[in-house]
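Listed here are the chains, written in short residue letters.
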Amino acid sequence: MHPNRLPRRTSARRHDAAFTLVELLVVIAIIGVLVALLLPAREAARRSSCSNNMRQWGLAFQNFHDTYGCLPPGKLGTVSAAAYPNAIHLKFNIPNGSEHGWVAFLLPFVEQGNLRDKYSLNVSWNDAANREAIQTQLKLQACPSTPNNKRTTTNKAACGDYATVSAVQPELVTAGLVDSLKGDMLNGALRTNQLYRFADITDGLSNTTWIAEDSGRPQNYDTTQKLQTSASSSSAWADPDSSYTLHGYTPDCVTLVDKCAINCCNKDEIYAFHPGGAHALMGDASVRLLAKGTDIRLVARLITMAGGEVSD
């Protein structure tokens, strides 16, 4: 051997240092187990964050009631000349024709006083004067489990995942899917142009829903969380028409007035991207996870404020 030439490394040593097929499969299996453990934990954290968002809104509702002696309207719409001034217009000095959703009234109670200062109740939510305000993304209106939390409408208004459930549709009574209630007994606590007090909610605060998830709008999703080709409007947090009523849908998200109430369709129905169900905020500021598959009759009982039903 030449005195200055180093000996060659043997191929056996390179072979010993390399992964065998069995070792590689073991590593892949371990990674798979870790991912399987991580994903549920991540969703659990997101669900907890979503629940906390809704609880903050619950405390805001209570503080609003403490301040003004009533709840805010589910939405404020135009009233007839004969009905003007409505109690809301008098209490908040709002001109008729100015239309707003519930969130605008609660902004000062969720540490959004600066945003409320930019938002004018003297004109409608989508007026040019409110353009900057309604384009502001509200973290408390975004469920972390929802795809694309920076969604906007065609007028660039920021979307929200939580909305008021104002009533149970009478068609559900006709179909025999909910209790036989009529007229105002089908109403929820956050109605259009109404200022209800806690005392008006005779079913009890803990048995009455304030808001519930209707996540993912304006895109439409079905029971498999598959994005559909159609799209809906009324998804901005400032839009008064983001409020919705309980209809129920078929699981394929095609036909309304049916028995599926949770996570079958987000076309103005209770819907979330949590595997187990969707959150609902109750009047006592507690948050319930309404399990997918919950009987629509029970869901309706949790929406009405004076139906006199037994909700448990």
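Presented here is an overview of the structure given in this document. As the structure is a prediction and not an experimental result, all values here were calculated from the model. (Residues numbered from 1 in each chain as written. Predicted model: local features only at pLDDT ≥ 70, side-chain atom pairs only at ≥ 80, totals over all residues. Heavy atoms only, no water.)

The strand order across the open sheet formed by five strands is E7-E3-E4-E8-E9, and the pairing between neighbours is mixed. Taken across any chain shown, the strands that pair with only one partner, and hence form the sheet edges, are strand E7 (244-246) and strand E9 (287-291). If you compare each strand with its neighbour and ignore which way they point, the axes differ by 40° on average. In terms of strand pairing, strand E3 (residues 162-168) meets E7 through two bridges, oriented parallel. By the bridge assignment for E7, Val168 is matched with Leu246. (Pairing = 2+ DSSP bridges. Helix = DSSP H or I, 4+ residues; strand = E, 2+ residues; numbered from the N terminus. Axes fitted to C-alpha atoms, helices over the stretch in contact; angles between N-to-C directions.)

What follows concerns the environment of Ala261. Here Ala261 lies in the loop between E7 and strand E8 (277-282). Judged by relative accessible area, Ala261 falls into the buried class, the value being 3%. For the pair Ala261 and His247, spaced 14 residues apart in the sequence, the C-alpha separation amounts to 7.6 Å. Among residues more than four places away in sequence, those in contact with Ala261 are Leu246, Ile270, Ile296 and Val299. (Buried < 20%, exposed > 50% of the residue type's maximum accessible area, 1.4 Å probe, protein only. Contact = heavy atoms within 4.5 Å.)

Looking now at the state of the cysteines. What the rule picks out here adds up to two disulfides. There is a disulfide in this structure between Cys253 and Cys265, and the S-S distance comes to 2.0 Å. Within this pair, whereas Cys253 is found in the loop between E7 and E8, its partner Cys265 is found in the loop between E7 and E8, the two being separated by 12 residues in sequence. Each member of the pair, Cys253 as well as Cys265, carries the same accessibility label: buried. Each disulfide pairs two cysteine sulfurs, and for Cys260 the partner residue is Cys264, the sulfurs being separated by 1.8 Å. (Disulfide = S-S within 2.5 Å.)

To continue, consider the nonpolar core. Within the largest apolar cluster, 43 residues are counted, with the highest numbers of intra-cluster contacts made by Trp57, Phe61, Tyr119, Trp210, Ile211 and Trp237. Broken down by element, the residue count for this core peaks at six residues, all from helix H2 (residues 21-68). Contacts of Phe61, omitting those with residues within four sequence positions, involve Leu71, Pro72, Trp102, Leu106, Leu190, Trp210, Ile211 and Leu281. One finds Ala163, Leu172, Val173 and Leu186 within the second-largest nonpolar core, a separate group that totals 24 residues. (Core = buried A, V, L, I, M, F, W, Y, C linked by side-chain atoms within 4.5 Å.)

Our next topic: the packing of aromatic side chains. Applying the stated rule across the entire model yields 12 aromatic pairs. Judged by centre distance (6.5 Å) and plane angle (80°), the rings of Tyr68 and Phe109 are edge-to-face. Of this pair, Tyr68 sits in helix H2 while Phe109 sits in the loop between helix H4 (102-106) and helix H5 (113-118), and the two are 41 residues apart along the sequence. With relative accessibility at 34%, the residue Tyr68 sits in the partly exposed group. Taking relative accessible area as the criterion, Phe109 reaches 23% and is therefore assigned partly exposed. Arranged with centres 5.5 Å apart and planes meeting at 65°, the rings of Phe92 and Phe105 form a pair that is edge-to-face. (Phe/Tyr/Trp six-rings, centres within 6.5 Å; stacked < 30°, edge-to-face > 60°.)

For E3, the tally of buried residues reaches seven of seven residues, placing the bulk of the element in the interior. Note: E3 against strand E4 (residues 209-213), three bridges, orientation antiparallel. Along E4, the bridge assignment pairs Thr164 with Ile211.

Now for the environment of Asn187. Tracing the backbone shows Asn187 in the loop between helix H7 (170-174) and E4. Between the C-alpha atoms of Asn187 and Ala306, which are 119 residues apart in sequence, the distance is 7.7 Å. Residues within four places of Asn187 in sequence aside, it is in contact with Ser166, Ala167, Tyr196, Ile303, Thr304 and Met305.

A few words now on the pairing of E8. Within E8, six of the six residues are buried, which leaves the element mostly enclosed by the surrounding structure. Summarising the sheet, E8 and E9 pair through five bridges and their orientation is antiparallel. Considered in E9, the bridge of Gly277 is made with Ala291. In sequence, E8 turns back onto E9 through a hairpin of four residues, with Ala285 there showing a positive phi of about 75°.

In this section: empty space enclosed by the protein. All told, the structure shown has two cavities of 30 Å³ or more when counted by the stated rule. Its volume calculated, the largest cavity comes out at about 50 Å³. Considering the residues around the largest cavity, the lining is formed by Val168, Val178, Asp179, Leu181, Leu186, Arg297, Ala300, Arg301, Thr304 and Glu309. Considering every element that reaches the lining of the largest cavity, the biggest residue donor is helix H8 (residues 296-303), with three residues. Its boundaries defined by the atoms lining it, the second largest cavity holds a volume of some 40 Å³. Surrounding the second largest cavity, Gln137, Leu138, Gln141, Ala142, Asn149, Arg151, Cys159, Gly160 and Asp161 form its lining. Class assignment for the residues of the lining of the second largest cavity results in three nonpolar, four polar and two charged. (1 Å grid on protein atoms, 1.4 Å probe; cavity = no way out; pocket = protein on both sides within 12 Å on 5 of 7 lines; lining within 4 Å. Points joined across faces, edges and corners; volume = space filled by probe spheres on them. Nonpolar A, V, L, I, M, F, W, Y, C, P; charged D, E, K, R; others polar.)

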